[in-house]
Amino acid sequence: MIPGPFDYHAPRSLAEAIGLLGAHGFDAKLLAGGQSLIPMMKFRLAEPAVIVDLNRVPGLDGVREQDGQLVIGALAREADLEQAAVVATTYPILLDTALVVADPLVRNLATVGGNLAHADPANDHPATMLALGAELTATGPTGERTIPIDDFFVDTFTTALEPDEILTAIRIPRPAPRSGGAYVKFERKVGDYAIAGAAAHLTLDDDGRVAAVRIGLTNVNYKPMRATQAEAALLGQEPTEDAIRAAAQLASQECDPSSDLRGPADYKRAVARTVTARALRRALERARAA
Amino acid sequence: MATTQSTQIGGLGYAVKRKEDPRFIRGKGTYVDDVKLPGMLYLDIVRSPLAHARITQIDASKALAMPGVVAVITGKDLEAAGLAWMPTLMGDRQMVLPTDRVVYYAQEVAAVVAEDRYTAADAVLAIDVEYEPLEPVVDPFRALQPDAPLVRPDREQKTNHIWHWEAGDKEATDRVFQEAEVVVAQDLYIPRIHVSSIETCGCVASFDRVSGKLTIWMTSQAPHAHRTVFSLVSGIPETKIRVISPDIGGGFGGKVPVYPGYVLATVASLQTGRPVKWIEDRSENLQADSFARDYHIHAEVAATRDGKMRALRVRTVADHGAFDAAANPSKFPAGLFSIGTGSYDLEAAHFSVDGVYTNKAPGGVAYRCSFRVTEAVHMIERMVDVLADELDMDPAEIRFKNFIQPEQFPYKSPTGWEYDSGNYPAALQKALDAIGYQELRREQAEKRARGELMGIGISTFTEIVGAGPSHTFDILGIKMFDSAEIRVHPTGSALVRIGVQTQGQGHETTFAQIVAEELGLPVENIVVEHGDTDTAPYGLGTYGSRSTPTAGAATAVAARKIREKARLLPRPTCWRSTRTIWSGATTPSASRARPSAPRR
Amino acid sequence: MRTVPISVTVNGEVRQAAVEPRLLLVHFIREVLGLTGTHIGCDTTSCGACTIHLNGKPVKSCTVFAVQADGAEIRTVEGLEQDGRLHPVQEGFWQEHGLQCGFCTPGMMMTAVALLEANPNPDEAEIRRAISGNLCRCTGYVNIVKAIRYAAEKMRQPEVAPAVAGGGED
C-alpha cells in the first residue's frame, strides 16, 4: 500500500509553517503524528500535493499546567499524556482517553492535537475535550485566536480551522473542587475505534447535587457531539443511580449512530447508553473523592 | 550405552531449543519479500470494485506512458497465450484474469509491471477499466433460485449449483427418524472467516531465457504440488520449474491455493525475461484470498427419550464463492465433513451437501483443523447440546451415554469411516476430573441462584488429520503421501530433506529430533532442508496436521533403513556419534528412561 | 521525481540517501538499507511487524515517512545483538519458544526491548499492554509473555552472573 507522491516541507518555525499553508491552500496537509494521515494516504483516501511536516517546529510539544490551565502543545503525543504526572493526578479523564487511543506504539507518535484536528467522530479525544470544555488555540497569519471546543467540530473531518491556521495548543481549565471526569470506550478489540464511547465531566455542589456537567460522545454521530439533553436532565439533580440511568437513556436517544460493520444503529445506541452510564458513575466517584 | 546420553542426543520427548530460531531472532530469516534479484521488476494488480460486472473496456495507455512502467497484462493477453484460466485443486477452473466479466469484489482485473513498487502502485490507479454492473448474488440460497443471476456462464451447466454430494445411508436414516421418540433440529451457519497469516502471499518469479528454467520463490505450503500446477498451467515440464518456499510467515491453509498473482508474476517474467516480484498487501489478502467455512448447515438428531442418539441427518449448503477453489486434498467435494458422527455410536447417518457459486472470493481452506472437520465437529457437538437441552440432561452425561465404547473398536461409522482405537469415556472422565466438573456445576447453581450467569461448555471430538491415507486423499489425482531423504556423512552428521513445508511449525527441529531418536546422532548434527523442489523429495506439503504423521513417519522409516544398513557395516574410525546405534535386537529408544512430561 | 537527502543513524551507523518524500521508513530500512529483519504485515498500522526504535521509542515504521527520520537514531532488530552476544530479549524468545513462524518476532522483540528499558520489572498485565500493538498469528502470546519475563529477569541480573538454570546458551 503506497501513498501518492507529494512535495515535502519541514518548516523550522511556526510562521514558516503558516506561510506554507497559506501558499498551498487546500493542496497542503499538516503532518503531526501522521498516524491517521499516513494510513489514509496509503489507501489513497488522501492525496495531498504538499505535506507540511510540523515536527521540526520548536515550542509545540509538551504537556504542562500554566495559569490554572492544562496546556497541551500541538505536538504533544498521546504517550506524553500517559506519562505526565499532572494528567494522572488532576485530569484522569485524559489518561482514560489516551490509554484507549490505538495502541502503545501508535501513541508514541500520534498527537492529541491531530486527534482533534482530524475531526473524525470515531476519534476519542473530541468527546473528552467536549466534556472538559477545552479551548483551542489556532494560530494563523494574523496571529492567535481561541476556538471554544463547542464550535470546533463543523462536520465529519471538518473543523473551524481555516486552511492556513494551525491548532497550536489545547487549553483545559483546571477542574473546580469536587469535580471528576471519566472516559469509557467500548471497542471490539485493542486499538480499534469505538463502537461507542462516552466522556463525562461533572462538578458537585455542597449538597452533592450536580452543579455542572458535560457529556461528550464518540462515534455515534456524523461529528463529535455533546449529549445536551442528558446534561440538562442531570443538572441540579442529586446524581442517583436512577438519575444516571435516565441521563444515559437520553444520551442514547439524542445520538444518531449509523449502521456499519461495528453494528446496527440500535445496538450502538444501547452501547452509548451503557458507556454513558459507566462514564457518569466513574466521574461521580472521582468527584466525590476529589 | 544409549541411556546416559539421551539429553545430549535430543531425541523425541526432549526439550530442544528450535534450530530455526537463531536466524529469526536476529532478523535474518528469508521471507519471500526479502528476496531481491538483480533487475527485478514489481507487479501490482488492478482489482474489481464490483462483485459482478461486465468489463467493457480496459485502457492502459496512461499507465504504459508512465516512466518506469514496463508492461500491462490483461485477460485478453493471457487468453491469447491460453493462460486466462487455470485449474483449481477441486477440478474446477478459475480465471487468472477475466476476459469479459468479473465475478467477485477485488478480483484481479489486470496487472502492471514496473521498475519499482511505488511506480507499479501509481500505474494501477492509471488504468481505466469500464464496467457494466451486473446484479450480484451473494447469498447461496438466493443463488439456487432459478431466476438468480448466473455466476458462471462459462460452464456448460447454466446453474449456480456446483455439485451434490452424499454420505451415509439415506433410507436407513429416514427410517430411524420416522420412528424416533425425540427429534431435535437446528440451523447452524458457520460464517466465512479469513486465516490472515501475518505475512501476506507473494512470489518472485524468475525465468532464465537461456536455460529455459523458471524459478519461483513463493509463499507456498505445498511447493511440489504448486510446481505440478504451474507445469499444468504453463506447459513447462516440472524439470524446468523450481519452486522455492523460503521462510513462511504463517500459512493456516491460506498458502495452499494457487492465486492469480503467482501466475501473473510468472507470465510477466516469461514476457520480460526479468525477475518479477508480487507481494499482496493486507487489503488484497483479506478481500481476495481464500477463506474458510461458509457452511449453512441444517442438522437433525433422532434419539430415544432417555437420551440415546440413534441417527443424524445433515443437509448443508456450501458457499464456495465464484470458483470451487477449495484447498481440499480429499476425494470428496465436502472434504471430511462426514466425520460428523463424531465420537458417538449411531444406528444411521446421512449427510448431503450442495456446493453453490456466489459472487464472492473463491476458497475453502483448512483453518484450525482439516478440511471441513471443524464444521463437522461444531455441528455434532452443538446437536448433542441441543438434544441435552431438549431432554434436560447433563451435557457430560449425554455424551457418556452415546460414546462409542472401547470394546467396539475397530469401529465402522455409519458414514463409512473406520476408527481403529479409542477410549472416549475414559478421556472425557479424565478431563472432567481435571477441571473439577461437579464442583463447577455446584458453583454454577449457586451463582444462578444469585442471579449471576455462568456457563460451562463441553465438547469432545474425533477428527481426521494427517492427510492422509491415499485411498481417501489426493490432489489432482496425485495420491497423498510424503517423503524423506537422509544422508549420513562419514563423521556422523546427517542431512534430512523432506517434502513438507514449515510455516512456523518448526520442522527443522522436529524432524531432526526424529532422526536423532532413530539414529542416535546428536540433534545439533542433523540439518533439515525443505521447501526447494530441486533438492527436496516430492511431497504434498503441510496443512491439516499432516507433516509429522506422514513425512515424520517417512523420516523415521528412512532412518530405520539406514540403521539396518549400518548394522552390516564396520564403524568408521572418524565416527563421532556419542552413542552406539546398534546394540542388539532392541531399538535404541526401547530401554530409554523418558522425562515424565515432555515440554511443550 | 524529486528526492530529498536524508541522514539517519541506523544501529549506530550513519546512513545517507536521497529519497522520494513518500518513501515509507519501512521501505527505506528494508530496501534502501537492505535490513530485511523489519517486516511488513498489514500496511495499516495494525500489526506491529515493522516496529523499530525511532529516537529510542518503538514506532510502526510503515506509518512514518523516511524523510521524517532525517537526523534521527534508528534501531532495528539487526542492532540487538552486540559483539556476538544476543540481547536478553532475543535469548528469551529462543529459550521460551516465543516464536513460531518468526515473522512478527522482530517487531515484537523491539517493543519488548523498549518496554524493559523503561520498566525493568513489568508484571504480566504490563507486558500484555505493551505488546498490544503487535500481532502474532501463531503463538497465542503466552510464550511471548514468558520470553519477555525471562529477558527481564536476565537483564536485572548483574552482568557477570552465569546463565540461569535451564537457560541453554547460544
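Calculation rules
- Residues numbered from 1 in each chain as written.
- Chains lettered and ligands numbered in written order.
- Predicted model: local features only at pLDDT ≥ 70, side-chain atom pairs only at ≥ 80, totals over all residues.
- Heavy atoms only, no water.
- Helix = DSSP H or I, 4+ residues; strand = E, 2+ residues; numbered from the N terminus.
- Rg over C-alpha atoms; globule rule 2.2 N^0.38 Å.
- Buried < 20%, exposed > 50% of the residue type's maximum accessible area, 1.4 Å probe, protein only.
- Contact = heavy atoms within 4.5 Å.
- Areas by Shrake-Rupley, 256 points an atom, 1.4 Å probe, with all protein chains shown as cover.
- Lys, Arg positive; Asp, Glu negative; His and termini not counted.
- Charge placed at Lys NZ, Arg CZ, Asp CG, Glu CD.
- Pairing = 2+ DSSP bridges.
- Phe/Tyr/Trp six-rings, centres within 6.5 Å; stacked < 30°, edge-to-face > 60°.
- Lys NZ or Arg CZ within 6 Å of the ring centre and 35° of its normal.
- Domains from an automatic or database assignment.
- Buried area = accessible area lost by both parts, 1.4 Å probe.
- Salt bridge = Lys/Arg side-chain N within 4 Å of Asp/Glu carboxyl O.
- Polar contact = N/O pair within 3.5 Å; in protein donor to acceptor, adjacent residues only side chain to side chain.
- Nonpolar A, V, L, I, M, F, W, Y, C, P; charged D, E, K, R; others polar.
- Expected span 1.5 Å × (residues − 1).
- pLDDT = per-residue confidence, 0-100.
- Disulfide = S-S within 2.5 Å.
- Core = buried A, V, L, I, M, F, W, Y, C linked by side-chain atoms within 4.5 Å.

Trainee: What is the right way to look at the overall build of chain B in this model?
Mentor: When helices and strands are tallied, chain B shows 16 helices and 26 strands. Against the globule reference of 25 Å for 600 residues, chain B gives a C-alpha radius of gyration of 27 Å, in line with a compact fold. Expressed as lengths along the three principal axes of its C-alpha atoms, the size of chain B is roughly 80 × 75 × 50 Å. When burial is assessed residue by residue, chain B has 61% of its 600 residues classed as buried. In chain B, the proportion of contacts linking residues at least 24 apart, taken out of those at least 6 apart, comes to 79%. With an accessible surface of roughly 23,700 Å², chain B has 53% of that area assigned to carbon and sulfur atoms. Between the centroid of the 66 positive side chains of chain B and the centroid of its 73 negative side chains there is a distance of 8 Å.

Trainee: Looking at this structure, how should I read the pairing of strand β12 (residues 194-204) of chain A?
Mentor: Consecutive side chains along a regular strand alternate between the two faces of the sheet. Residue and element names in this part refer to chain A. With respect to burial, β12 is a largely interior element, eleven of its eleven residues being buried. Hairpin geometry of strand β11 (residues 179-187) and β12 is characterised by an intervening segment of six residues between the two adjacent antiparallel strands and by a positive phi of about 90° at G191. Inspection of the sheet shows β12 paired to strand β13 (residues 210-218) by eight bridges, in the antiparallel sense. Within the sheet, the bridge partner assigned to T203 lies in β13 and is A212.

Trainee: It is not clear to me how the packing of aromatic side chains should be interpreted in this structure. Could you clarify?
Mentor: The way to describe two aromatic rings as a pair is by their centre distance and the angle between their planes. Residues and elements named next belong to chain B. By the definition in use, this model includes 20 aromatic pairs over all chains. Each ring, one from Y262 and one from W278, has its centre 5.6 Å from the other, and the planes form 85°; the classification is edge-to-face. Note that Y262 is positioned in helix α9 (residues 260-272) and W278 in strand β15 (residues 276-279), a separation of 16 residues in sequence. Taken as a pair, Y262 and W278 share a single burial class, namely buried. An angle of 85° between the planes, with centres 6.0 Å apart, marks the rings of F400 and F403 as edge-to-face. In this structure an aromatic cluster arises from ring pairing among Y344, F400, F403, F409 and Y424. The residue whose ring lies beneath R152 is Y357, and the NZ or CZ to ring-centre distance is 4.9 Å. Geometry around F177 places R313 over its ring, the cationic atom sitting 4.0 Å from the centre.

Trainee: Would you mind showing me how to read the domain arrangement of chain A here?
Mentor: Accessible area lost on assembly of the parts is the figure often given for the size of an interface. Residues and elements named next belong to chain A. Domains assigned within chain A are domain 1 (7-53), domain 2 (63-173) and domain 3 (179-284). Taken together, the contacts link 23 residues of domain 2 with 22 residues of domain 3. For the pairing of domain 2 and domain 3, the buried interface totals around 1,900 Å² over both sides, and the portion due to carbon and sulfur atoms is 59%. Together, P121, L130 and A131 form the three largest contributors to the area buried by domain 2 at its contact with domain 3, with a combined 25%. On the surface where domain 2 and domain 3 come into contact, there are three salt bridges. Of the charged contacts in the structure, one is a salt bridge between R226 and D150, with a shortest N-O distance of 2.9 Å. Across the domain 2-domain 3 interface, the total number found is ten residue pairs in polar contact (both at pLDDT 80 or more). Only α5 (92-98), α8 (125-132) and β8 (153-155) provide two or more residues apiece to the side of domain 2 that touches domain 3. Considering every element that reaches the side of domain 2 that touches domain 3, the biggest residue donor is α8, with six residues. Grouping the constituent residues of the side of domain 2 that touches domain 3 by class yields 13 nonpolar, five polar and five charged.

Trainee: Can you walk me through helix α3 (residues 105-118) of chain C in this structure?
Mentor: Spacing of three or four residues puts side chains on the same side of an α-helix, whose turn is 3.6 residues. All names here are of chain C. For α3, with 14 residues, the first-to-last C-alpha span of 20 Å sits near the 20 Å given by 1.5 Å per residue. Counted residue by residue, α3 has twelve buried out of 14 residues, so it is predominantly covered. Where α3 is concerned, the buried positions are T105, P106, G107, M108, M109, M110, T111, A112, V113, A114, L115 and L116.

Trainee: Sorry, what's going on with the interface of chain C and chain B here?
Mentor: Listed as interface residues are 40 residues of chain C and, on the opposing side, 36 residues of chain B. Buried surface at the junction of chain C and chain B, summed over both partners, amounts to about 3,100 Å²; 51% is from carbon and sulfur atoms. The interface formed by chain C and chain B includes five salt bridges. A salt bridge links B:R117 to C:E31; its shortest N-O distance comes to 2.3 Å. The interface formed by chain C and chain B holds 19 residue pairs in polar contact (both at pLDDT 80 or more) in total. Elements that contribute at least two residues to the side of chain C that touches chain B include exactly α1 (25-32), α2 (88-95) and α3 of chain C. The element that contributes the greatest number of residues to the side of chain C that touches chain B is α2(C), accounting for four residues. Grouping the constituent residues of the side of chain C that touches chain B by class yields 17 nonpolar, twelve polar and eleven charged.

Trainee: Help me understand the confidence of the model for chain B, please; the structure alone is not making it clear to me.
Mentor: Low pLDDT marks regions whose predicted coordinates should not be analysed in detail. Residue and element names in this part refer to chain B. With 94% of its residues at a pLDDT of 70 or more, chain B shows a mean pLDDT of 92. The model gives residues 582-600 a pLDDT under 50, and that stretch makes 32 contacts with residues more than four places away or in other chains. Reported confidences for the modelled complex are a pTM of 0.94 and an ipTM of 0.94.

Trainee: How should the state of the cysteines be read in this particular structure?
Mentor: Throughout this description, disulfide means a covalent bond between two cysteine sulfur atoms. Applying the stated criterion across every chain yields a total of zero disulfides over all chains. Left without a disulfide partner, B:C201 is nearest to the cysteine sulfur of B:C203, which lies 9.8 Å away.

Trainee: Is there a simple way to think about the nonpolar core in this case?
Mentor: Considering soluble globular proteins, one finds that nonpolar side chains tend to be buried as a cluster. Judged by nonpolar contacts, the single largest core of 155 residues is most densely connected at B:M379 and C:F93. Counting residues per element, this core draws most heavily on helix α11 (residues 373-391) of chain B, which supplies eleven residues. Counting residues domain by domain, this core receives three or more from each of domain 1 (4-79) and domain 2 (88-156) of chain C. Ignoring anything within four residues of it in the chain, the contact list for B:M379 reads B:L188, B:I297, B:A299, B:L312, B:V314, B:G340 and B:F351.

Trainee: Is there a simple way to explain the interface of chain B and chain A in this structure?
Mentor: In this complex, chain B contributes seven residues to the contact, which on the side of chain A involves five residues. Summed over both sides, the interface of chain B with chain A buries roughly 540 Å², with 66% coming from carbon and sulfur. Scanning the region where chain B abuts chain A turns up one salt bridge. The closest approach of N and O atoms between B:D122 and A:R44, which form a salt bridge, is 2.6 Å. The interface formed by chain B and chain A includes one residue pair in polar contact (both at pLDDT 80 or more). Broken down by element, the residue count for the side of chain B that touches chain A peaks at five residues, all from helix α5 (residues 117-126) of chain B.

Trainee: Can you help me understand the environment of B:S220 in this one?
Mentor: With respect to the helices and strands, the residue B:S220 is situated in the loop between β13 (213-218) and α8 (223-234). Considering only alpha carbons, one finds B:S220 and B:D247, 27 residues apart in sequence, at a separation of 9.7 Å.

Trainee: Mind showing me how you'd approach unusual backbone geometry here?
Mentor: Excluding glycine, residues mostly have negative phi values, and the peptide bonds linking residues are mostly trans. Between B:F409 and the following residue, B:P410, the backbone shows a cis peptide bond with an omega angle of -5°. With respect to the element layout, B:P410 can be found in the loop between α12 (395-402) and β20 (411-412). Not every positive phi belongs to a glycine, and B:F252 is a case in point at roughly 55°. Phi is positive for C:D83, close to 50°, though the residue is something other than glycine. Residue class for C:D83 comes out exposed when judged on its relative accessible area of 78%.

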